[in-house]
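Listed below, chain by chain, are the residues.
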Amino acid sequence: MKTALILFLVTISLGLICGDDKKDNEVGENVICKKCNCDVKMKIIECSNKKLTKMFTVDEWAALNATKDDYEILKLDHNLLEDIDVPFPVLRFPLKVIDLRHNKIKKIISKVFYNLSSIEEVDLSFNLMTADNLRPDVFEGKYSPDEYEPLLTLKRLRLSYNLLTNLDSEIFEHTKHLQELSLANNPFQIIHTSVLSAFTDTPQLQMLDMSRMELSSLPLDTFHPLKALKVLNLDGNLFKTFPEALKLATNLRELSLNENPIGDLSAENSIPELAKLEKLNMTYMGSLKVIGKGGLSGLENLKEIRLSHNHHLSYIHPSAFTFPEKDNPEREQFPLVEKVFFEYNNLSSLDSHVLLWNNVKEIHLHDNPWLCDCDLQWFSDILMKTVKETTPHLIDHIKCAAPKKLVGLKLADLNTKHTELRCLDKFGANPELDSALLVALLIGVLLGMPLAYASIMIYRRGCGSRRGPADFSRAFYKRADMNDDIHI
Ligand SMILES: *[C@@H]1O[C@H](CO)[C@@H](O)[C@H](O)[C@H]1NC(C)=O
Ligand SMILES: *[C@@H]1O[C@H](CO)[C@@H](O)[C@H](O)[C@H]1NC(C)=O
Ligand SMILES: *[C@@H]1O[C@H](CO)[C@@H](O)[C@H](O)[C@H]1NC(C)=O
Ligand SMILES: *[C@@H]1O[C@H](CO)[C@@H](O)[C@H](O)[C@H]1NC(C)=O
């Protein structure tokens, strides 16, 4: 009893002493800025990597709130938080971004952001959230006559690298103003109907990251409610063909399909018509060997194509990108592509009709096994100029892999030396070998002629052959008819 009394008194007196410290603000000391680095200039409360296991208490927030400093960004990434169990209190400064990446978060209390009337971005990537634990009421905001307790300011929500396999159909009922959402690297495997219902609450979504979600198909109406969707990332999924659902992503400007096992493209297996698409990424696609006729047709507004690191891609059809002209469907029309990335493929040739090269402002062709024959003459003459002007540092990586005599030679050097690229003959043989053969033949003929002449003279005393070497050499070089091949 006695000890308890002494402890009680000690506690009270300690409390009084501490109370003195509080004098100026009537709040506790600024624990948050003690634990973290409060950067007033950058408006960042930087608590990254501090081994934090608990969220700050309301009292701790009150102490920071009592200072005159303004903060917009709270960084709590790389800590050990498991449970976000304290809702943010009303704060004097407009907190806009909360970074909670790389914690062990499994649970989040409801209405956690309720008091943050300026919150724009919440990043919960690299945590342990499951579909069951991520509840709609986490995002509940204040009463509004027009919307259901909305978080009006929340624009960006990142949920990548969690354990989500599904979304609650009402998960976005309070966040109808979302513009960017990342669900990347969650093991969804299937897009369930509840996800489609959830998407109906995000009509303003412009950017959606659905990369690496183990998806092999998408429901046809996946993008139907996302009328504002402009940027879509589907990298690293299991699509073997273009998802048909893309047809309804009619406002798409940028699409990324890197690292999908999409096979050869053709008119039958072609990209859906996306008339507004400006940028397309299709890199690291190991199953892609050929882009056939019409495979990338219908992209009327395409400005930038990244078709690189497709190690088996060996052929692009001259009509791969064309689409019928509106007024005159018999005529082919080309998208006016400005940036072309064709590097690190297995291309040995490139048809002069694939794109309107005059329009191309930047082109990457390096690290392909170019076959430097006359079919590539136009390329050496025309494209190399563009390369020289825009990406001169890459020019030395455009090299010949054939014919044998030119292996390893830079195309730029061929161009500066005004080397005319030779044509391979009908049998695909190297003209160098051919000429050796012809020389041998000529020598044979030249040597043989007098002999034959002599023998004929001896035998018949008649006249000799007049056939000269000129007939042979005429077939030696065939100039590529450049003007025919290039579109103006
Ligand atoms: C922060 O300050 C504002 C205005 O000064 C006040 O309304 C609010 O209650 C304070 N919040 C806390 C947690 O003390
Ligand atoms: C909002 O802030 C107040 C005080 O600042 C706090 O008591 C409350 O728990 C906070 N959260 C909600 C959802 O009201
Ligand atoms: C396409 O690739 C480029 C370069 O890597 C990247 O900057 C861009 O964000 C990608 N587009 C999409 C939609 O992911
Ligand atoms: C590259 O293309 C050539 C034919 O041009 C083919 O023989 C070779 O197997 C291809 N390489 C790869 C890695 O696909």
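Residues numbered from 1 in each chain as written. Chains lettered and ligands numbered in written order. Predicted model: local features only at pLDDT ≥ 70, side-chain atom pairs only at ≥ 80, totals over all residues. Heavy atoms only, no water.

Draft legend 1. Region of the structure containing the state of the cysteines. Summed over the entire model, instances satisfying the criterion amount to three disulfides. Between the sulfur of C33 and that of C38 lies a disulfide, 2.0 Å long from S to S. With the S-S bond torsion at -95°, the cross-link from C33 to C38 turns out left-handed. Shown here is the disulfide that connects C372 with C400, its sulfur atoms set 1.9 Å apart. On the sign convention where negative is left-handed, the bridge of C372 and C400, at about -95° about the S-S bond, is left-handed. Highlighted residues: C372 in the loop between strand 21 (370-371) and helix 5 (377-390) and C400 in strand 22 (residues 400-402), separated in sequence by 28 residues. Judged by relative accessible area, which is 4%, C400 ranks as buried. (Disulfide = S-S within 2.5 Å. Helix = DSSP H or I, 4+ residues; strand = E, 2+ residues; numbered from the N terminus. Buried < 20%, exposed > 50% of the residue type's maximum accessible area, 1.4 Å probe, protein only.)

Draft legend 2. Representation of the site of ligand 3 in the model. V231, L232, N233, E254, S256, N281 and R306 make up every residue found near ligand 3. In the complex, 54% of the free accessible area of ligand 3, which totals 360 Å², lies under the protein chains. Those elements that provide at least two residues to the shell around ligand 3 are strand 11 (231-233) and strand 12 (254-256). In terms of residue count, the dominant contributor to the shell around ligand 3 is strand 11 (three residues). Taken together, the residues that form the shell around ligand 3 break down as two nonpolar, three polar and two charged. (Near = heavy atom within 4 Å. Areas by Shrake-Rupley, 256 points an atom, 1.4 Å probe, with all protein chains shown as cover. Nonpolar A, V, L, I, M, F, W, Y, C, P; charged D, E, K, R; others polar.)

Draft legend 3. Geometry of helix 5. Helix length check: helix 5, at 14 residues, gives a terminal C-alpha distance of 20 Å against a target of 20 Å (1.5 Å per residue), a fit within 8%. L383 marks the point of greatest bend in helix 5, at about 35°. For helix 5, the complete set of buried residues consists of Q377, W378, F379, S380, L383, M384, T386 and V387. (Expected span 1.5 Å × (residues − 1). Bend = angle between axes of the 7 residues up to and from the residue.)

Draft legend 4. Region of interest: the site of ligand 4. Every residue lining ligand 4 is accounted for by H311, H312, S314 and N346. Here S314 contributes a side-chain N or O atom positioned 3.4 Å from an oxygen atom of ligand 4. N346 is positioned with one of its side-chain polar atoms (N or O) 2.3 Å from an oxygen atom of ligand 4. When ligand 4 sits alone it has 360 Å² of accessible area, and the protein chains cover 38% of it. Residues belonging to the shell around ligand 4 are distributed by class as follows: no nonpolar, four polar and no charged. (Polar contact = N/O pair within 3.5 Å; in protein donor to acceptor, adjacent residues only side chain to side chain.)

Draft legend 5. A look at the pattern of salt bridges. Using the criterion set out here, one finds 25 salt bridges in the structure. Residue K54 pairs with D85 through a salt bridge whose shortest N-O separation is 3.6 Å. With K54 in the loop between strand 2 (44-46) and helix 3 (58-66) and D85 in the loop between strand 4 (83-84) and strand 5 (97-99), this residue pair connects regions lying 31 residues apart in the sequence. Several salt bridges share partner residues, and in doing so they unite K75, D77, D99, R101 and D123 into one network. (Salt bridge = Lys/Arg side-chain N within 4 Å of Asp/Glu carboxyl O.)

Draft legend 6. Main features of the nonpolar core. Of all hydrophobic cores here, the largest spans 116 residues; its most connected members are I45, L255, L296, L350, W357 and F379. Looking at this core, the elements that each hand over two or more residues are helix 3, helix 4 (193-199), helix 5 and helix 6 (411-416). Considering every element that reaches this core, the biggest residue donor is helix 5, with five residues. In this structure L255 touches L232, L234, L246, I271, L274, L277, K279, L280 and N281, once residues within four positions along its chain are discounted. (Core = buried A, V, L, I, M, F, W, Y, C linked by side-chain atoms within 4.5 Å. Contact = heavy atoms within 4.5 Å.)

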